[in-house]
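Each chain, letter by letter, is given below.
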Amino acid sequence: MKRSRAATCIALAAALLAAATLTATGDEVGVSEDAILFGQAAALEGPSSVLGQRMRQGIVAAFTEINAKGGIHGRKLQLVSRDDGYDPDRSVAQTLRLIEDDKVFALIGAVGTPTAMATIPITSARDVPFIGPVSGAEFLRDLELANVVNIRASYGAESETLIKHLTEDRHFTRIAIFYQDDSFGRDGLTGVKIALAKRGLELAAEGTFERNTRAVGAAWRTIKRAEPEAIVMVGTYGPSAEFIKLAHRSGLSPTFVNISFVGATALAKELGSDGEGVVVAQVVPFPWDRSIKLVADYQAAQKAIDPTLTPDFVSLEGYLSGRLAAAALENLGPNPTRAGLLRTINDVGRFDISGSVVTVGFRAIETPPKVFLTVIQKDGTFRAIDRL
């Protein structure tokens, strides 16, 4: 597979860091006689905090469920979460704290593309497993990043699904994009352009906003001049909701479709009555469909730790990441190592999690993770859709 520019930069940075890092000896870091310690660096406070909080919630639910059954080969799974505010510099500092001070065995449930770009060189240099990042960025799917374990579909796959829906189901041709002006947004932009080009189309307009802000007025003024039939949104719930409300106040009502990272339930809550008809791509099954055993187990695990918790796409993704890590450790045996965990995950490639198959590594190329479409209803709930 051809190495991407991002992967090359990461590999070079990792090599430099590795040269300065002494190889650990003795027992595996983060593994004690009765516990295995995982770390999470994610937005737990600030404008994107719901994403990190819900991801943590799902991982904790999975670990608590596993621990109630005796853990993994007699060891309980534990999670330390640190707030990075969805800021790359803070994410680097918190990731280093998790690795060097907390001495975690593996990282899990990191949130965001710009934060991942900043921290992957650190984790790759130390061969620390980086499990279930909440990002569909293409660079994370380069197979040369051997320590990264992706569970979700790529933003390219989400973009293709959304554009297929807009062009084939809705027959739209004037499609604009509103995106976060950083590596996350640009990854979404690339995916949308590729999907449109396959259909002989180009973007009608582009508008951007700065991460961790709600300053979306300039983007709306730029986009509305093109009078688009639909707008693809690549951002988090706060600015995306602000943008949709601004459009509605102006009297225009294009169809809004969102990449999954937006945080669907948080978006619906922010929008209120403005949410009806907004489409959101998802990378996990419908979290209210208890006919799916994975969903039924997830709901039961959540209620076990807090009966007031409600189903949510992001926490289901966290639960799935936690269950995958546990399944791989169970398969690995009673003497877990970081290298052994990564080898097991990639060698097995297909994990049955409560009847739902999760593919990773090379197997994910053969059988890519699925993308689902949902639409917000008048009362703020969601409906799963194939076609509208």
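Everything that follows concerns the structure shown earlier in this document.
Treat the numbers as computed from the prediction; the structure is a model and nothing was measured. (Residues numbered from 1 in each chain as written. Predicted model: local features only at pLDDT ≥ 70, side-chain atom pairs only at ≥ 80, totals over all residues. Heavy atoms only, no water.)

K.L.:
What's the story with unusual backbone geometry in this structure? I'm lost.
P.N.:
Working note: non-glycine residues mostly have negative phi, and peptide bonds are mostly trans. You will see that N212, though not glycine, has its phi angle at about 65°, which is positive. In this fold, N212 is placed in the loop between β7 (206-209) and α7 (217-224). Residue N212 is classed as partly exposed on the basis of its relative accessible area of 31%. A positive phi angle, near 50°, is found at S354, a position not held by glycine. Mapped onto the elements, S354 comes out in the loop between β11 (350-353) and β12 (356-359). (Helix = DSSP H or I, 4+ residues; strand = E, 2+ residues; numbered from the N terminus. Buried < 20%, exposed > 50% of the residue type's maximum accessible area, 1.4 Å probe, protein only.)

K.L.:
Help me understand helix α6 (residues 183-197), please; the structure alone is not making it clear to me.
P.N.:
Residue pairs spaced three or four apart in an α-helix point in one direction, given the helix's 3.6 residues per turn. Look at α6: 21 Å from first C-alpha to last across 15 residues, which is about the 21 Å you get at 1.5 Å a residue. Of all the residues in α6, the buried ones are S183, F184, G185, D187, G188, L189, G191, V192, A195 and L196. Contacts from the buried residues of α6 go to α4 (113-125), α5 (155-169), β6 (175-180), β7 and β8 (230-234). Backbone nitrogen of F184 and a side-chain oxygen of the N-cap are separated by 3.1 Å at the start of α6; the cap is D182. (Expected span 1.5 Å × (residues − 1). Contact = heavy atoms within 4.5 Å. Polar contact = N/O pair within 3.5 Å; in protein donor to acceptor, adjacent residues only side chain to side chain.)

K.L.:
Just checking my understanding: could you explain the sheet that holds β7 for this structure?
P.N.:
The seven strands are arranged β7-β6-β8-β9-β10-β13-β14 in an open sheet whose pairing can be described as mixed. In this open sheet, the two strands that pair with only one neighbour each are β7 and β14 (382-385). Across the sheet, the mean angle separating the axes of adjacent strands is 25° when strand polarity is ignored. Bridge count between β8 and strand β9 (residues 255-258): four bridges; the pairing is parallel. Note on β9: the bridge partner recorded for A230 is T255. Its contacts with the sheet place α5 against β6, β8, β9, β10 (279-282) and β13 (372-376), and it is angled at close to 160° to β9. (Pairing = 2+ DSSP bridges. Axes fitted to C-alpha atoms, helices over the stretch in contact; angles between N-to-C directions.)

K.L.:
Even after reading the chapter, I still don't get the pattern of salt bridges, so can you show me in this structure?
P.N.:
Per the stated rule, a full pass over the model turns up 17 salt bridges. Here R211 ties to D182 by a salt bridge, and the two come within 2.8 Å at their closest N and O atoms. With R211 in the loop between β7 and α7 and D182 in the loop between β6 and α6, this pair connects stretches of sequence that are 29 residues apart. For D182, a relative accessible area of 5% gives the class buried. The partner of E242 in a salt bridge is R214, with the nearest N and O atoms 3.8 Å apart. (Salt bridge = Lys/Arg side-chain N within 4 Å of Asp/Glu carboxyl O.)

K.L.:
How do you make sense of the packing of aromatic side chains when you look at a structure like this?
P.N.:
The geometry of an aromatic ring pair comes down to the distance between the two centres and the angle between the two planes. Going through the model one piece at a time under the given rule, you end up with 15 aromatic pairs. Ring centres of F38 and F63 lie 5.2 Å apart, and the angle between their planes is 50°; on these two criteria the pair is classed as tilted. In this pair, F38 is assigned in strand β1 (residues 35-42) and F63 in helix α2 (residues 49-68), connecting sequence segments 25 residues apart. Each of the two residues, F38 as well as F63, counts as buried. Where Y298 meets Y319, the ring centres are 5.7 Å apart and the plane angle is 55°; that geometry is what we call tilted. Within this pair, whereas Y298 is found in helix α10 (residues 293-305), its partner Y319 is found in helix α11 (residues 313-332), the two being separated by 21 residues in sequence. Grouping residues by exposure puts Y298 and Y319 together as buried. Taken together, F178, F209, W220, F243 and F256 form an aromatic cluster joined through their ring pairs. The residue whose ring lies beneath R211 is Y86, and the NZ or CZ to ring-centre distance is 6.0 Å. (Phe/Tyr/Trp six-rings, centres within 6.5 Å; stacked < 30°, edge-to-face > 60°. Lys NZ or Arg CZ within 6 Å of the ring centre and 35° of its normal.)

K.L.:
For this particular structure, what's the right way to read the environment of P287?
P.N.:
With respect to the secondary-structure elements, P287 resides in the loop between β10 and α10. P287 sits in the buried class, given a relative accessible area of 0%. On a C-alpha basis, the gap between P287 and D312 in space is 6.0 Å, while along the polypeptide they are 25 residues apart.

Any link to function would need more than the numbers given here.
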